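Here's the letter readout for the chains.
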Amino acid sequence: MGANNNNHTDFPFSRRRILIVDDDTDFAESLGDILDLNDYTFAIAQNVDELTIQLDTFNPHIALIDIRLGQENGIDLIPIIRKKNSQTLCVMMTAYAHVETAIKALQNGAYDYLRKPIEGNELMATLERCYEKLKLEYDKETSDNKLYKLQRAVDQSIDGVAIADMDGTLQFINNSWLFMHGYESEKGLVGKQLSIFHTDEQMRNNVQPFNSLVRRNGFNQGEIGHKKKNGTSFPTWMSVTLLKNQNNQPAGLLAITHDITYRKKAEEELKHQKNELDIRVKELNCLFAISNLMNKPNISLHEIFQKTVEIIPQALQYPEATCAKISVENYEVCTQICNKNKFCLKDSNDRSQLIVGHILSATRHIIGRLDVGYRQEIPNNLNPSFQEEEYRLVHAVSELIGNIIEKKNTEEGLEKSLKQIQVIMEGIIQAMALTSEMRDPYTAGHQRRVSKLASAIAVAMQLAEDEIDSIRLTGLIHDLGKIYVPAEILSKPGKISDIEFSIIKTHAQVGHDILEKIDFPLPIAKIVHQHHERLDGSGYPLGLKGVDISLEAKIVSVADTVEAMASHRPYRAALGIDKALEEINKNAGKLYDAEAVEACNDLFIQKGFSFE
């Protein structure tokens, strides 16, 4: 057998293997010498048994077969070889130059034949033709395989794929495109214009300008409206590429479309929730600002009322179009921008135009009223009606004003006012908690359960009442910042990537930034900011250590860890209380406050604490 000295790296058959099937040993070896000199690898089989072994071990590209092999007819060996390896080409060798013999060999699957005695040049020319054929077949198979894989990928793509000619006539569409547009099959669609997937308005306002840029630049992408089979419209993100032929001339259009209905809905929901959150923030600031007026020394009722009517409009949805008026007995104060001569607060019973809050005495008698209404026309594209939250706020402020009047330096009135503020503040915090939980259905109730456990730990540690209140209220909104995290990340059912986790980690900073705008009498924003900090500095977002982290934040951190591990998450099943306690005990004094961990253990093990 010749050595493998071949280095045909530009050819898929880098080791050119030739099997010589001939019982004439001298002839076979002389033929092998010619092959060896031309860098071919060869093997010899002198009978059918050796042939079978070589087909398994040598796996030849080409078999040079003598027409007569002992008692066997070489032509009869062709089916055996082709069955074993259908890609092996058979070339017959014969001393009989009869045309009938050659024809019979070709009919039985031989690719070519050589007449003995065989000249070296003729042998090489025949082998080169064989390898050219093998290369063509290899290229075709490779191309067909790539085309098959491409077709499978396109068919299984979640994005819609369509190909059209330069006139917009549809040539191909995949299953996702059909499903996206409400069609069951491509029957009747190929050959139609792509415009059938758009309304006339979409074509005129979006598609035609979009396609003009494709023809000019070769590519374009953006948000484009599409039309389903039933006529309903839906938003997509579409990218279109200009296809070119071998002469680099425009030949067609490749359109890839992704249905973004869910994303648009999520964006609208997020926008709505952010607006709701802004309202809660403004409401709290309004109440705290007015309550702070009560505690200022030497401030007159006139000054309190004047500042109050300036504060109230800032907490409503259209502050620039709203004014307020306080009327007590014969005394009246209104927002300065509504001067006496051009006062236009609509005195109407229409709930959408005017809110009337009754100012009550300690005996629940009406001693005045707070009017809040629009002083100018609201733009048509905005909702002119007052919201329910705005009614509640005005009535809460009315009660607050009544308490201010009754206060008149009495501690009883002050205490009542502060309790009223506390009730209103907790109600608004509850609303903020619900707003953030709407973004993450899998962790619905998480904040309430953390609040319950954290405040129980605080009680067990015998903290002061205001510290317990801070922890309880912070627990309710400690994940408020997640409202700015994309919903698809929060509810992702698989492993979260490093980039996605870095986005989630921003929620502590975002929550702090939102709550910092509110003049809370408690350090809620600070606790939210620090609830993912760890004693060894490995937490976020500030990397604080030990004493730099507030005790309240350390307690919320323990409660947050235990609840999160004990509950179900999209990316894993619930680990259970035992695993959660094991985690905090293992890292007590390292990551988590040891006293808070001890109190948490005691609650679950000794006192039977339950999240339910």
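First, a word on what this report is: a plain description of the structure on this page. (Residues numbered from 1 in each chain as written. Predicted model: local features only at pLDDT ≥ 70, side-chain atom pairs only at ≥ 80, totals over all residues. Heavy atoms only, no water.)

Focus on the overall build of the protein
To keep it simple, the criterion reads: The helix count covers DSSP runs of H or I at least four residues long, the strand count covers runs of E at least two residues long, and both are numbered beginning at the N terminus. Note on classification: 1.4 Å probe, protein chains only; a residue is buried when its accessible area is under 20% of the maximum for its type, exposed when over 50%, partly exposed between these limits. For every accessible area listed, the method is Shrake-Rupley and the probe measures 1.4 Å; residues are considered covered only by the protein chains on display.
In terms of regular secondary structure, the protein is built from 20 helices and 16 strands. Looking at the protein as a whole, 47% of its 612 residues are labelled buried. Carbon and sulfur atoms provide 50% of the accessible area of the protein, an area that totals close to 32000 Å².

A look at helix 10 (residues 388–407)
Formally: Expected helix span is computed as 1.5 Å times (number of residues minus one).
Taking 1.5 Å of rise per residue, 20 residues should cover 28 Å, and helix 10 covers 29 Å from first to last C-alpha, within 8% of that figure. Taking burial as the measure, the 20 residues of helix 10 include 15 buried ones, the bulk of the element.

Some remarks on the pattern of salt bridges
To keep it simple, the criterion reads: The salt bridge criterion pairs a side-chain nitrogen of Lys or Arg with a carboxyl oxygen of Asp or Glu, the two atoms within 4 Å.
Inspection of the entire model under this criterion finds 14 salt bridges. In this structure, E128 and R16 form a salt bridge, with 3.0 Å as the shortest nitrogen-oxygen distance. In this pair, E128 is assigned in helix 5 (residues 120–156) and R16 in the segment before strand 1 (17–21), connecting sequence segments 112 residues apart. Owing to a relative accessible area of 41%, E128 belongs among the partly exposed residues under this scheme. Across the pair R369 and D371 runs a salt bridge whose closest N-O atoms are separated by 2.6 Å. A cluster of three or more residues bridged by salt bridges with shared partners is formed by D22, D66 and K116.

Describing the sheet that holds strand 14 (residues 331–334)
The condition that has to hold: At least two DSSP bridges between two strands are required for those strands to pair. In this analysis, axes come from line fits to C-alpha atoms, helices being fitted only over the stretch in contact, and the angle between any two N-to-C directions falls in the range 0 to 180 degrees. Contacts between residues were defined by any pair of non-hydrogen atoms, one from each residue, lying within 4.5 Å.
Spatially, 14-13-16-15 is the arrangement adopted by the four strands of the open sheet, whose pairing is antiparallel. The sheet is open, and its two edges are formed by strand 14 and strand 15 (354–360), each paired on a single side. With strand direction ignored, the average angle separating the axes of adjacent strands in the sheet is 15°. One ladder, built from seven bridges, connects strand 15 with strand 16 (residues 366–374); its direction is antiparallel. Looking at strand 16, one finds that L360 is bridged to I366. Sheet strands touched by helix 9 (residues 301–314): strand 13 (322–328), strand 14 and strand 16. Its angle to strand 13, the strand with the most contacts, is close to 150°. This element, helix 10, spans strand 13, strand 15 and strand 16 of the sheet and lies at about 25° to strand 15.

Points about the sheet that holds strand 11 (residues 233–244)
On the basis of which strands lie adjacent, the open sheet formed by five strands has the order 9-8-12-11-10 and antiparallel pairing. The open sheet terminates on both sides in strands that have one partner only, identified here as strand 9 (170–173) and strand 10 (219–227). On average, each strand axis in the sheet is tilted by 25° relative to the strand beside it, whichever way the strands run. Contacting strand 10, strand 11 and strand 12 (250–259), helix 7 (residues 200–217) runs over the sheet at an angle of about 160° to strand 10. Most of the contacts of helix 8 (residues 261–294) go to strand 11, to which it runs at about 130°, and overall it touches strand 10, strand 11 and strand 12.

A short note on the environment of R534
Relative to the helices and strands, R534 resides in the loop between helix 17 (524–530) and helix 18 (551–566). Take R534: its relative accessible area is 13%, and that puts it in the buried class. Residue contacts for R534: discarding those within four places in its chain leaves G539, L544, K545, I549, S557, T561, L591 and Y592.

Some details on the packing of helix 2 (residues 48–57) against helix 3 (residues 74–84)
As a reminder, the rule being used: Roughly parallel means an angle under 35 degrees; roughly antiparallel, over 145; roughly perpendicular, 65 to 115; everything else is oblique. Each crossing gets its hand from how the near helix is turned against the far one by less than a right angle, where anticlockwise is left-handed and clockwise is right-handed. Three categories are distinguished: nonpolar for Ala, Val, Leu, Ile, Met, Phe, Trp, Tyr, Cys and Pro, charged for Asp, Glu, Lys and Arg, and polar for the others, with Gly belonging to the last.
Orientation of helix 2 relative to helix 3, taken along the N-to-C sense of each, is 20°, at an axis distance of 10 Å. One way to sum up the angle between helix 2 and helix 3 is to call them roughly parallel. Judged by the twist between their axes, the crossing of helix 2 over helix 3 is right-handed. Contact residues: V48, L51, L55 and D56 in helix 2; L77, I80, I81 and K84 in helix 3. Residues belonging to the contact of helix 2 with helix 3 are distributed by class as follows: six nonpolar, no polar and two charged.

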